[in-house]
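# Working through the structure, step by step
So you can see what is in the structure, the chains are spelled out below.
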Amino acid sequence: MSKPIFETAALVGTGVIGRSWARVFVRGGCRVRLYDPDPGQARRALHWFHEDVALDVREGFVTRADEALWRDRVTVHDDMRDALKGAGYVQESGPERLDLKRAIYEAMDRTAEPGAILASSTSALDVNEFAGAVPGAWRCITAHPVNPPHIVPLVEIQSSAATKPEVQEKTIAFLTHCGQKPVVLKRYINGFLLNRIQAAVVREAFHLAESGVADAEAIDSAIKDGLALRWAFIGNFGTNHLNAPKGIAQYFARFADAYRSMIGDLRNEPPAFDKDTLGRIAREIGMGESEEEVKRLSQWRDRMILRLKALKKDHPRP
Ligand SMILES: NC(=O)c1ccc[n+]([C@@H]2O[C@H](COP(=O)([O-])OP(=O)(O)OC[C@H]3O[C@@H](n4cnc5c(N)ncnc54)[C@H](O)[C@@H]3O)[C@@H](O)[C@H]2O)c1
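The following paragraphs examine the structure supplied in this document.

Conventions we followed
- Residue positions are counted from 1 within each chain, in the order its sequence is given.
- Reporting in this predicted model follows two pLDDT cut-offs: at least 70 for local features of residues, and 80 or more for side-chain atom pairs to be given and counted; totals over whole chains, interfaces and linings ignore these cut-offs and use all residues.
- Based on all heavy atoms of the structure, the side-chain values leave hydrogens and waters out of the count.
- By convention in these notes, a residue is near a molecule or strand provided one of its non-hydrogen atoms lies within 4 Å of it.
- Pairs of N or O atoms within 3.5 Å make up the polar contacts considered here, provided that, within protein, one atom can donate a hydrogen while the other can accept it, and that residues adjacent in sequence are counted only when both atoms are side-chain atoms.
- Using the Shrake-Rupley algorithm and a 1.4 Å probe, accessible areas are obtained, with residue cover drawn only from the displayed protein chains.
- Secondary structure elements are taken from DSSP: a helix is a run of H or I of four residues or more, a strand is a run of E of two residues or more, and numbering for both begins at the N terminus.
- Residues are sorted three ways: Asp, Glu, Lys and Arg are charged, Ala, Val, Leu, Ile, Met, Phe, Trp, Tyr, Cys and Pro are nonpolar, and all the rest, Gly among them, are polar.
- By this rule, a helix spans an expected 1.5 Å times one less than how many residues it contains.
- Relative accessibility thresholds used throughout: buried, under 20% of the residue-type maximum; exposed, over 50%; partly exposed, between the two (1.4 Å probe, protein chains only).
- Here, two residues are considered to be in contact whenever any of their heavy atoms come within 4.5 Å of each other.
- The axes are straight lines fitted to the C-alpha atoms, using for helices just the contacting stretch, and the angles between their N-to-C directions are given from 0 to 180°.
- Here roughly perpendicular refers to angles of 65 to 115 degrees, roughly parallel to angles under 35, roughly antiparallel to angles over 145, and oblique to all remaining angles.
- By definition, two strands form a pair when at least two bridges between them are found by DSSP.
- Here, nonpolar core means buried Ala, Val, Leu, Ile, Met, Phe, Trp, Tyr and Cys residues that are tied together by side-chain atoms lying within 4.5 Å of each other.

Looking now at the site of the ligand. For the ligand, the set of nearby residues contains 21 residues, the closest of which are Ile-17, Asp-36, Glu-96, Lys-101 and Ser-123. Between Val-16 and the ligand, the recorded distance is 3.1 Å, taken from a backbone N or O atom to an oxygen atom. Side-chain polar atom of Ser-123 to an oxygen atom of the ligand: 2.7 Å apart, as the coordinates give it. Here the ligand loses 72% of its free accessible area of 830 Å² to cover by the protein chains. Only α1 (16-27), α5 (98-111) and β6 (140-145) provide two or more residues apiece to the shell around the ligand. In terms of residue class, the shell around the ligand is built from seven nonpolar, 11 polar and three charged.

Turning our eyes to something else, we now look at helix α2 (residues 39-58). The first and last C-alpha atoms of α2 sit 29 Å apart over 20 residues, in line with the 28 Å expected at 1.5 Å per residue. By the burial criterion, the buried members of α2 are Ala-42, Ala-45, Leu-46, Trp-48, Phe-49, Asp-52, Val-53, Leu-55, Asp-56 and Val-57. Against the buried residues of α2 lie α1, β2 (31-35), α3 (64-70), β3 (74-76) and α12 (291-314). At the N-terminal end of α2, a side-chain oxygen is found 3.0 Å from the backbone nitrogen of Gly-40, two or three residues along, and the residue is Asp-38. One or two positions beyond α2, positive phi appears at Gly-60, with a value near 85°.

Here we take up the side chain of His-144. As for its placement among the helices and strands, His-144 is situated in strand β6. A relative accessible area of 4% places His-144 in the buried class. Within polar-contact distance, the side chain of His-144 engages the side chain of Glu-156 at 2.8 Å. The residues touching His-144, leaving out its near neighbours within four places in the chain, are Ser-120, Ser-121, Thr-122, Ser-123, Leu-154, Val-155, Glu-156, Phe-192 and Asn-195.

Further remarks concern the packing of helix α9 (residues 216-242) against helix α10 (residues 248-265). Packing of α9 against α10 brings their axes to within 6 Å, and their N-to-C directions diverge by 80°. With respect to each other, α9 and α10 are oriented roughly perpendicular. Of the residues in α10, those touching α9 at Phe-237, Asn-240 and His-241 are Ile-248, Tyr-251 and Phe-252. A per-class count over the contact of α9 with α10 returns four nonpolar, two polar and no charged.

So, about the environment of Phe-255. Within the secondary structure, Phe-255 is located in helix α10. Taking the C-alpha atoms as reference points, Phe-255 and Arg-58, 197 residues apart in sequence, are found 49 Å from one another.

What holds strands together in a sheet is hydrogen bonding between their backbones, with the strands either parallel or antiparallel. Spatial strand order, β3-β2-β1-β4-β5-β6-β7-β8: eight strands in an open sheet with mixed pairing. Of all strands in the sheet, those bounded by a partner on one side alone are β3 and β8 (181-184). Neighbour-to-neighbour, the strand axes of this sheet turn through a mean angle of 25°, independent of strand direction. As judged from the three bridges shared by strand β5 (residues 117-120) and β6, these two strands associate in the parallel manner.

For the rest of this paragraph, the subject is the nonpolar core. Across soluble globular proteins, nonpolar side chains show a tendency to be buried alongside one another. Formed by 31 residues in total, the largest nonpolar core has its most connected members in Phe-25, Val-32, Leu-34, Phe-49, Tyr-89, Phe-174 and Leu-175. Broken down by secondary-structure element, the contributors of at least two residues to this core are β1 (8-12), α1, β2, α2, β5, β6, β7 (154-159) and α7 (165-177). Considering each element in turn, this core owes the most residues, six residues, to α2. Discounting residues that sit within four places of it in the chain, Phe-49 has contacts with Ala-22, Arg-23, Val-26, Trp-70 and Val-74. Core analysis: the next-biggest nonpolar cluster, separate from the first, contains 22 residues, Ala-83, Val-90, Ala-107 and Met-108 among them.

Looking now at unusual backbone geometry. A cis amide bond links Asn-147 with the next residue in sequence, Pro-148, at an omega value of -10°. With respect to the helices and strands, the residue Pro-148 is situated in the loop between β6 and β7. In this model, Phe-192 sits at a positive phi of 55°, which is unusual for a non-glycine residue. Checked against the element boundaries, Phe-192 lands in the loop between β8 and α8 (194-210). We note that Phe-273 has phi near 50°; this positive angle belongs to a residue other than glycine.

Pasting the structure below:
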């Protein structure tokens, strides 16, 4: 692999998302410095890192040579200033609260290297709101990953009004080098792209389950044995395009009325997400709710996604 644009990356906040970013950046050839105000958390993240890499070695997704190379590349630092030393790129993955993000950005801007990029994992907050007022607003940007980032490559990029264009360009180049797939939002919208699309699906999946049209396993089957098999390769618009011999214009000439009617039918109010419905859904999809079961199935999911990614890489769109 060629040298990364930044030799050292730092992580501020090392929970579920931060620890997975560590794998992304070592994969890209960086040294990674971990900081969390809860030092026990940063150590647990490092422990998870080694355990997860070892699992991937056993399953053949990571070579022993890479495991050895990465062994000393991730370090824990109890002080933010120390963690950010020498880091050209900082990925913030603290709690999803505007007041905390603002405070973290003020601290990072005070302590980071003068030219370092300060990227946030925020799922829904506007970078203009939490980083628009710091003196170094020009170097602040959102790079919103999908959980877990070292498995799922999409990263949603949002610049603020103050972000310098070269900060966005370098962020995209760096993340691409590390194996991610950055996409750019031209303006802020609550939930960005992925979570808005997901919200539309969640709304209708709950509506179908609650109104007794089908059980939850049948509804999930419509996605995993139907829609998602095509989505993984050609997305939504690509699916529309290939569903008629002359492409998307012909498809909607045929089906626009049907879509208008179904879209008109969609329920407007959000689901209640009540305990009884959620318990019934978990039973119907046959997934246990214990932590061990969720961990076991998540590990299987991750390895399946790695296989799918390899298939996509080996067979690019003709
Ligand atoms: N979990 C997801 O599916 C997901 C997906 C994409 C993005 N995100 C975003 O990533 C960010 C982190 O989410 P998570 O799921 O990893 O949460 P988490 O609760 O697992 O981790 C948050 C970490 O932030 C640390 N923290 C607390 N106060 C802090 C501070 N002042 N400065 C720095 N760190 C602090 C906590 O100790 C904890 O380790 C959030 O902005 C979230 O919206 C989450």
